[in-house]
Amino acid sequence: MRGFISAVYVFLYAPIALVVLFSFNSGRSASEFVGFSTQWYAKALSNTFLTDALQNSLVIAFISAVLAAVFGTMAALGMERLGGRMRAVFDGLFAAAIVVPGVVIGIATLVALVQVFGFINPLLAAAWPGEQPPKLSLGFGSIIAAHGLFTMALVTMIVKARIASLGRDIVEASNDLYATPFTTFRQIVLPQIMPSVLAGFLLAFTFSFDDFIIAFFVAGSNTTLPIYVFASIRRGVTPEINAIATMVLVASLCMILIARFLMREKKTTN
Amino acid sequence: MAITPETKKRLVTAALLTPASLWLFVFLVLPFIAIVVFSFGERAPEGGYQASFTFAQFANLGARAAAFKNTLMLAPVGAFLCLLVAYPVAYYLAVKASPKYRLVLVSLVVVPFWTSLLVRVYAWMYILGARGLPHLLEMVGIENVRLLNTPGAVLLGIVYSYLPLMIMPIYVSLEKLDRRLLEASADLGAKPISTFFGITLPLSLPGVMTGVALVTILLLGEYLIPQLLGGGKVFFIGNALVDLFLQSRNWPFGSAIAVTLVVVVVIILLVAMRIAWRVAGTRQVDLV
């Protein structure tokens, strides 16, 4: 049994380790490690297509994670105040946002946005006083909004779980001591749910940063890092991709470690 | 007009839920209505959509039968293989591992799941590709082995990518298992193997069901694994959808396939939940 378990751990980590190892290879070969070098990292970082895609991904992930954290937390707090049927409706919609395959979310958003743009753009053009009317199109906004949908659902789930285990007595004590609802929220509730909000933010950031399929549909002419990596993989495996892959791995790993640390906090402060 | 405390409370609740409701409506409900409407339409000559009311798109689903066949066969088989590898690991973590190292071992299982799927699938392209394992096999005299772009490679990618997601729910249900039942079984003279099949396995079934349902559902919409490891030879529904929307621009037909996919996902989810409820008695099993 132990042997099998060890083999599974090797199976889980060997491919990742191999990519990291070969990202430092000084040769071009994918099967022979010639010597240690950081040349592929230098090459990757001086590639402007890549750094632009990276920048796009960071901006998109940051904005959609902020939206998800704020609106998702608000929704979790709001759902606490709802009863029965309405609550079930929200539960169902959020569950759908997570369970419906990304490929369908991407397609549906593309189809709906193209229709909406087709309706609004002529109106904008007609109503615009100047020469060049603004034109709505796919791009940053649509990726952020589409990512915001499932990351918001994720944040709501995490924060809701935290609210469910929150001590109600302190909140009641605070109300009994004539604190205003806002003061109670700011001094009692917010500090207690903050770790889960931050954890939700980081998970949202990671999901958005890693998402390929939704962005693939709604990105328009913009490129995100996963789209760039996907395109270069299809052009052929090069050591440069190993370096990019390693950087992506390290980045998502850091995010996840911090998020898990924050989520663990909830057990000790309870 | 005076605002009563009750009204004020409702206003606050509404204000808290407004942004999320808007988002859910504009980016989930509306798009879904759009693809349902599109699925009854026709392809415009220049690509895209043309209004109509026809069931032709649904009648034509057979044109992508290969994608449906691959998905509906390889996703459950992949999930089952995943289960075969995952169960012993979950069992070891929950029952056998020393408590001292349990948390570390569990975390080590989860970490790969949270890292980029694209990168992990790419790692297997690298290993299975001509300059990887086949190159090494050539050196020991085994020539012309093709690993990449085969159904086997896709299954391997599936097991690798979704293993952590299968291990976790099984681990959770095994960890909750009452150890006294195992002791009682041993005291009553049951052999370990009959204790396992009589007690441990049945009590872990909710976790097994959750894992199989989760992995199967995610696999139904999978795109990256068949695309990169199947090399366009092992098409899934997800690949067909990308092809229909981004290459051949047949939006109505793509919409019909997307609607069918969602219906299949919902059916599997409902069946899995029902079985899980039956197995678990009255205990609720969260699938998401």
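Please read these numbers as outputs of a predicted model, since none were measured by experiment. (Residues numbered from 1 in each chain as written. Chains lettered and ligands numbered in written order. Predicted model: local features only at pLDDT ≥ 70, side-chain atom pairs only at ≥ 80, totals over all residues. Heavy atoms only, no water.)

What about the overall build of chain B?
And step 1. Within chain B, the secondary structure is distributed over twelve helices and zero strands.
And step 2. Mapped from its N terminus to its C terminus, chain B presents α and β elements in the order α-α-α-α-α-α-α-α-α-α-α-α.
And step 3. Compactness check: chain B gives a C-alpha radius of gyration of 24 Å against a globular reference of 19 Å for 288 residues, more than 25% above the reference.
And step 4. Principal axes of the C-alpha set define a box for chain B whose edges measure 80 × 70 × 30 Å. (Helix = DSSP H or I, 4+ residues; strand = E, 2+ residues; numbered from the N terminus. Rg over C-alpha atoms; globule rule 2.2 N^0.38 Å.)

What about the UniProt feature "transmembrane region" (unreviewed entry) in chain A?
Residues and elements named next belong to chain A.
And step 1. Under the UniProt annotation, "transmembrane region" (unreviewed entry) lies at residues 7-24, 58-77, 89-118, 138-159, 188-207, 213-231 and 243-263.
And step 2. Secondary structure across residues 58-77 divides into 100% helix and 0% strand, with the first and last C-alpha atoms of the span separated by 28 Å.
And step 3. Across residues 243-263, the secondary structure splits into 100% helix and 0% strand, with the terminal C-alpha atoms separated by 30 Å. (UniProt positions renumbered as here; feature names shortened; annotations may be inferred.)

What about helix α10 (residues 225-235) of chain A?
Residues and elements named next belong to chain A.
And step 1. Within α10, eight of the eleven residues are buried, leaving the element largely enclosed by the surrounding structure.
And step 2. Along α10, the positions that sit buried rather than exposed are Leu225, Pro226, Ile227, Tyr228, Val229, Phe230, Ser232 and Ile233.
And step 3. With its phi angle positive at about 130 degrees, Gly236 sits one or two positions after the end of α10. (Buried < 20%, exposed > 50% of the residue type's maximum accessible area, 1.4 Å probe, protein only.)

Quick word on the nonpolar core
Soluble globular proteins: nonpolar side chains tend toward being buried together.
And step 1. If you look at the biggest cluster of nonpolar residues, it comprises 165 residues, and the most contacted ones within it are Val103(A), Phe217(A) and Leu241(B).
And step 2. Looking at this core element by element, the count peaks at 15 residues for helix α3 (residues 65-96) of chain B.
And step 3. Dropping the residues within four chain positions of it, Val103(A) is found in contact with Ile213(A), Phe217(A), Gly221(B), Gly238(B), Leu241(B), Val242(B) and Leu261(B). (Core = buried A, V, L, I, M, F, W, Y, C linked by side-chain atoms within 4.5 Å. Contact = heavy atoms within 4.5 Å.)

Focus: the interface of chain A and chain B
And step 1. Contacts between the two partners involve 78 residues from chain A, matched on the other side by 71 residues from chain B.
And step 2. Here chain A and chain B share an interface that buries about 6900 Å² over both sides, 82% of which is from carbon and sulfur atoms.
And step 3. If you sort the residues of chain A by the area they bury against chain B, Tyr9(A), Phe11(A) and Arg81(A) come out on top, with a joint share of 9%.
And step 4. Along the contact surface separating chain A from chain B lie zero salt bridges.
And step 5. Linking chain A to chain B there are eight residue pairs in polar contact (both at pLDDT 80 or more).
And step 6. Per-element tally for the side of chain A that touches chain B: the top contributor is helix α1 (residues 2-23) of chain A, with 13 residues. (Buried area = accessible area lost by both parts, 1.4 Å probe. Salt bridge = Lys/Arg side-chain N within 4 Å of Asp/Glu carboxyl O. Polar contact = N/O pair within 3.5 Å; in protein donor to acceptor, adjacent residues only side chain to side chain.)

Remarks on the packing of aromatic side chains
And step 1. Scanning the model with the defined rule gives 34 aromatic pairs over all chains in all.
And step 2. Aromatic side chains Phe212(A) and Tyr223(B) sit 6.0 Å apart centroid to centroid with 20 degrees between the ring planes, which places their arrangement in the stacked category. Residue Phe212(A) is located in the loop between α8 (181-210) and α9 (213-218), and its partner Tyr223(B) is located in the loop between α9 (192-220) and α10 (224-229); the two belong to separate chains. Across the pair, Tyr223(B) and Phe212(A) agree in class, each one buried. (Phe/Tyr/Trp six-rings, centres within 6.5 Å; stacked < 30°, edge-to-face > 60°.)

Examining the UniProt feature "transmembrane region" (unreviewed entry) in chain B
And step 1. UniProt marks residues 12-40, 73-94, 103-127, 153-174, 195-219 and 253-277 of chain B with the feature "transmembrane region" (unreviewed entry), using the numbering shown here.
And step 2. Each end of residues 73-94 of chain B is marked by a C-alpha atom, and these two atoms are 31 Å apart; helix forms 100% of the span and strand 0%.

Some thoughts on the environment of Ala213(B)
And step 1. Among the secondary structure elements, Ala213(B) is positioned in helix α9.
And step 2. Separated by 58 residues in sequence, Ala213(B) and Val271(B) have C-alpha atoms that sit 9.2 Å apart.

With respect to the UniProt feature "domain: ABC transmembrane type-1" (unreviewed entry) in chain B
And step 1. The feature "domain: ABC transmembrane type-1" (unreviewed entry), as annotated in UniProt, sits at residues 68-272 of chain B in this numbering.
And step 2. The span residues 68-272 of chain B carries 81% helix and 0% strand; its end-to-end C-alpha distance comes to 20 Å.

Overview of the side chain of Thr195(B)
Residue and element names in this part refer to chain B.
And step 1. By the element assignment, Thr195 lies in helix α9.
And step 2. A residue is classified by how much of its surface remains accessible, and Thr195, at 9% relative accessible area, is buried.
And step 3. Other than its neighbours up to four places away in sequence, Thr195 contacts Leu182, Ser185, Ala190 and Thr200.

With respect to the pattern of salt bridges
And step 1. Tallied over the full model, the rule gives four salt bridges over all chains.
And step 2. Arg87(A) is the salt-bridge partner of Glu80(A), the closest N and O atoms lying 3.4 Å from each other.
And step 3. Glu80(A) sits in the partly exposed class, given a relative accessible area of 27%.
And step 4. Where Asp243(B) meets Arg64(B), a salt bridge forms, and the shortest distance between an N and an O atom there is 2.9 Å.

Here we look at unusual backbone geometry
Residue and element names in this part refer to chain B.
And step 1. Even without being glycine, Asn149 reaches a positive phi, approximately 65 degrees.
And step 2. Structurally, Asn149 is set in the loop between α6 (133-139) and α7 (151-175).
And step 3. Here the phi dihedral of Arg249 falls at roughly 50 degrees; this positive angle occurs in a residue that is not glycine.
And step 4. Relative to the assigned elements, Arg249 resides in the loop between α11 (237-247) and α12 (251-280).
And step 5. Taking relative accessible area as the criterion, Arg249 reaches 36% and is therefore assigned partly exposed.

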